[in-house]
Structures are given as structure tokens and as C-alpha cells.
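# Fold and contact review
Below are the chains, spelled out letter by letter.
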Amino acid sequence: MKKRVSILTAIILTLATLFPSGAPVSAAALPEWSSDKYVRIGETYSRSPVGDVLLQRGTPVSVIQSGEDEYLVTDRFYNVVWSVTPGREPEVFAGLLDPGLLGTAAEPQGGYRDTSCAEALFKDPWGIAPFLSGWLVSDTSNHALRYIADGKVQTAAGGGLPGQADGRGTRALFNKPTGLAADRAGGVYIADTLNNLIRRLDRDGSVTTAAGTGKTGNTDGAALSAEFNGPTGLAFHNGALYIADTGNHRVRKLEDGIVSTVAGVNFVEQEPDFFNGEAVDGPLSIAKFSSPMGVAVGFDASLLVTDSSGGAIRRIAGGEVTTVARADPEFGDVAPVSPAGLLALGSGLLACDAFSGIVYRPFPPLMDVTYADPFIREVSFCYWRGVLRETEEAKFEPQSPLTWEAAAAALARTYAAEHADKEISGMTDAEGLAWALENGVADAPGGEAGLNVTVEGFCLMLHRLAVLDGEDNGKRVLLEKNVSYGLRDAYSWALANGVADADAYPLDYVTRAQAAVMLYNFSRNK
């Protein structure tokens, strides 16, 4: 309970400091706009970064792909935009890391200065989107939109002080702009959060109001008559703009001049339970979100949404809201604790966790799984720990059977994950199999290579792993070391210890989902 309360408190503090105080020092001149600099957005790359974590720095809020295996991440803690390439140290793309300007949490205080990328200052950079020949960043606490191109940072719109006004360039005024989304025409939509408006920056630098009255509310209807409550995340897809209406706990849509509610029930008066309460799956008419903050459109046109207060990533498809991944109070590495921005990559999904300072690698392609099934948490748990993961030989399909090699490698990674063994934590299937054979977890090859594993066969290997580690985990495994179990004995042991499910028939091939459940239960000392 103590851990759960501390995490919840941290998330509340994260949300409470969403819009820190502090006035910018100056506003810069409007850059020169040129339509021939516009870059076609096109389709996102489907290639995914390698490893469990793309970035672990500060307070990442938004991520965008800038090239093949290259990403830009906005960081509100360090007040910079990171350039990230998997397998390399992240570099500062724009912003100054100045140790002489430290705040109460030893963070760079940031500021407002247009100049070279290396010397420019931001204050709470949030959203990022392609614009003209470069990138547009919402500089939240400077109430401005900054344009990054050709090694320079310039103010594209916003006067540097909070306000509400349309106009061109610095004549336009914002109040804590956050989420950004580029449309097909080369413009960018802006979540003008504290003005409760959706604005749009055109290629000529002019800002107009696309939706909202400026009043706090949740009214649908004609765009300029609709009401919002602190909108943040945006995603543009197929002519529609999807909006994470954070304060209303809803997902809204702007299409053909009409604002409508896609999903979510307003429960402002209620206090959502962090792990077990108001973030409810189900039909669109009854599903509930808990401070949605990020939104993205998946490869199958499904809508992915982050529940920032509920520690969950949700999916909207087929008239239903389901949960892709959810924070577990016992295992903090299962999923983002306070997820913010999202980026859809092929069948995967990058997620920024503002609480832990991590940008996670793409989610497994679980889009065709029914998330009401009981194994979703177990699948997420095993994937995030790298126990069951995508390989070139076998994509992570929960209903597909495990091969003998993949099962042995999964057990080796389970051991590595529980012992923080850096030497084998990133092992390949071949390396995992070699480890399992060397330690007696898997049998020596005897025609088993390439074959699928039965439920009782997997239980036997799990039992061997338990015996191997029995001296260190006596609370979990009450067995004498070096006891030799047969297949049926191992299956009975797994049932008795809550590792296997009685519905899993011993002679059936174990599916990846069933293996995930058993590995999850094994790791939870059941």
C-alpha cells in the first residue's frame, strides 16, 4: 500500500506541475515562411528501435520519428529536445543544458531565447510535429510555438506571454500550448490547453481557432460552439483530429467542422482509483478514462490513448475500449506509470512515461488480441521484461505455440531478469538455449529443435528453473534441491503452486499467452 500511495502522490504532483509558473523574458521575430520548404509527412517508418528503453532522461512528454531509427523527444525536466538513435547515447537536438540555472529539483530552469539550437532556451517543451522544412515545438510555459530548422530555433507564433488571440506569428497568443498534430495540408493543430481551445498554425504563420469557445465545458456540436476542459494530446488521421480532452476524461474528435465525443464518461466529481477504479473498459458509451493525455492512431486505424492518472494505455476499436497495458503496483516495470505522448510505429507503439523518465520501445503487436482476456497483464509483463519478445523467427502472437528453443530462452531471460544479470539479460534465443542446456533447465537436443512445447513440458522446465534457484527463493519453491520430476509430476507441481491454470490441458501445446501467464505467476511467487 505504501508503494502504491507514493506512486499516486508522484503522479498527482506531476499533473499539478503540468503548467509551472514563470514568465518568459522575450519574444523573437517571426521567421520567414517559405512554402517550398514544406516537407511531405508521408507514412511513418515501421522499423522499431532495439532494446527495452529508447530513452531514459528527465520528463519525456512527446516523441516523433525524424528518420529511419532516429527520434526526437521533448523533455520538460531538462527543457531540451533530445535526438535519439537506438544503440547510441542521446544527444541534445535543441536547447541548452546549463548547470548554472538550476531549479529546486536540480533541473535546468530553462528560459526563452531564439538563437542556434545549441544555445536556445525552452521552458517546458511539450509537443513536436513536422512543419515546413523542420520541426514545430510547443514551448508550454513560454506560451509560444518554436520552429527548429537549419540549426536554429525561432519563434513561430505566440507573444511569449499568456493570452488568447488569433493572428499571424507573434501577434497570436496562447495559454500553455501542449499537444501538436500536423495535417495533410502542412498546417499544425495546437492544443491551447488553458484556453480550452484547439488552434491551427498555417504554413504562412497565421494562427486561427479551429474549435472551442474558450469556456470550460464538455459540449459537443459545431466546432466554434464546442467546449473543452484542458485538452492536451492530438492526433490527425484521415481528415479527423482526435483530441485527448484531459480535464473531461474523454476522447473527442473534430471532423467536418463538428466536435463529437468518441469515448469516455465525464467523472470530474469522482476521484478515480489509481489501479482499480474509474479507468473502465467496455462499450464506448460506458468506458471511462482517467486524465487521458496522449493519443495516436495505430496501423489498423485503432485509436491508442494514454491514461496519465491511471497508469494505462487504452485502445479504441470496434465500438469498445480495451486496455493494452497497465501499471502494476507490484511490478513497476510492467508499463508506463504516468504515460503521456505516444507514437504509432507499424504494429508497435512508443510510449513516453513522464513519471519514470523513460521512453519505452514499441509495444508488441497485440492489436488483434481481445484485451478482456485474463492474460493481457501477463503478456505485457513478460514483454516489457524482455522475457517473451518479438524475434525475426517468431513474432509475438499470443495464441501461437512456443518452440522448444523459444521456451528455453524465455526461461533463461526470466532467470536473468530476476537476478539483474547484465551479461545474459540481452541474450538471443540461441544464447538463452545454450544457458538453459548448460544449467539443466532444458534437455540436451534430441530431435526437439523446432518442435512446439506441451504444457507439461513447459511446466517441467519451469520446475527445473525453480529447483536451480531454490536456495534463493525458498518462499516460492518448497522443494528439495536436485529432486527429479517427471512430466506429469511437474504439471501437478505447477498446479499446486498456482503457476499453471487447470484449464491448460497437459498435452496441448503451450501458447505464448499461456507461457506468459505461467512466467508471470512464477515470478509473482504464486
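So, here is what we can say about the structure in this document. Predicted model only: the values in this text are computed from it and were never measured.

### Some remarks on the overall build of the protein
- Counting secondary structure elements, the protein contains seven helices and 27 strands.
- Looking at the protein residue by residue over its 526 residues, the buried ones come to 55%.
- When contacts within the protein are restricted to residue pairs at least 6 apart in sequence, those whose partners lie at least 24 apart make up 53%.
- When the accessible surface of the protein is summed, it comes to about 21,500 Å², and 50% of that surface belongs to carbon and sulfur atoms.

### Considering the packing of aromatic side chains
- The tally for this structure, following the rule as stated, stands at five aromatic pairs.
- Measuring from ring centre to ring centre gives 4.9 Å for Tyr415 and Trp435, while their planes differ by 40°; the resulting arrangement is tilted. With Tyr415 in helix α3 (residues 404-419) and Trp435 in helix α4 (residues 429-438), this pair connects stretches of sequence that are 20 residues apart.
- Taken together, Phe77, Tyr78 and Trp82 form an aromatic cluster joined through their ring pairs.
- One residue, Arg146, lies across the ring of Phe122, its end atom 4.8 Å from the ring centre.
- A cation over a ring is seen here: Arg200 above Tyr189, with NZ or CZ 5.9 Å from the ring centre.

### Digging into the sheet that holds strand β9 (residues 152-157)
- With respect to topology, four strands assemble into an open sheet ordered β6-β7-β8-β9, the strand pairing being antiparallel. The sheet is open, and its two borders are formed by β6 (125-131) and β9, each paired with just one other strand. Each strand of the sheet is rotated relative to its neighbour by a mean of 30°, with strand direction disregarded.
- The sheet contact formed by strand β8 (residues 144-149) and β9 spans five bridges and is antiparallel. Residue pairing for β9: Leu145 is matched across the bridge by Ala157.

### Here's the deal with unusual backbone geometry
- You will see that His143, though not glycine, has its phi angle at about 55°, which is positive.
- Here His143 is to be found in the loop between β7 (134-139) and β8.

### Quick word on helix α5 (residues 455-468)
- When the terminal C-alpha atoms of α5 are compared, their 20 Å separation across 14 residues agrees well with the 20 Å that a helix rising 1.5 Å per residue should span.
- Counting buried positions along α5 gives 12 out of 14 residues, so the element sits mostly inside the fold.
- Taken together, the buried positions of α5 are Val455, Glu456, Gly457, Phe458, Cys459, Leu460, Met461, Leu462, His463, Leu465, Ala466 and Val467.
- Looking at the buried positions of α5, the neighbouring elements they touch are α3, α4, α6 (487-496) and α7 (512-523).

Here is what the cut-offs are and how they apply
- All residue numbers here refer to positions counted from 1 along the written sequence of the relevant chain.
- pLDDT decides what is reported in this predicted model: residues at 70 or higher carry local features, side-chain atom pairs at 80 or more are listed and counted, and totals for whole chains, interfaces and linings draw on all residues regardless.
- Excluded from the side-chain calculations are hydrogens and water; all other atoms, namely the structure's heavy atoms, are used.
- For helices the rule is a DSSP run of H or I covering at least 4 residues; for strands it is a run of E covering at least 2, with both sets numbered from the N terminus onward.
- The buried label applies to any residue whose accessible area, calculated with a 1.4 Å probe on protein chains only, is under 20% of its type's maximum; exposed applies above 50%, and partly exposed to all values in between.
- Contact criterion: two residues are considered in contact whenever any of their non-hydrogen atoms come within 4.5 Å of each other.
- Accessible surface is estimated by sampling points in the Shrake-Rupley manner with a 1.4 Å probe; for residues, cover comes only from the protein chains shown.
- Any two rings among Phe, Tyr and Trp, with Trp reduced to its six-membered ring, count as a pair given centres within 6.5 Å; such a pair is stacked if its planes are under 30 degrees apart, edge-to-face if over 60, and tilted if neither.
- A ring is considered to have a charge above it if a Lys NZ or an Arg CZ atom is located within 6 Å of its centre and within 35 degrees of its normal.
- In short, DSSP must find at least two bridges between two strands for them to pair.
- Lines are fitted to the C-alpha atoms to define the axes, a helix being fitted only along its stretch in contact, and any angle between axes, read from their N-to-C directions, falls within 0 to 180 degrees.
- By this rule, a helix spans an expected 1.5 Å times one less than how many residues it contains.

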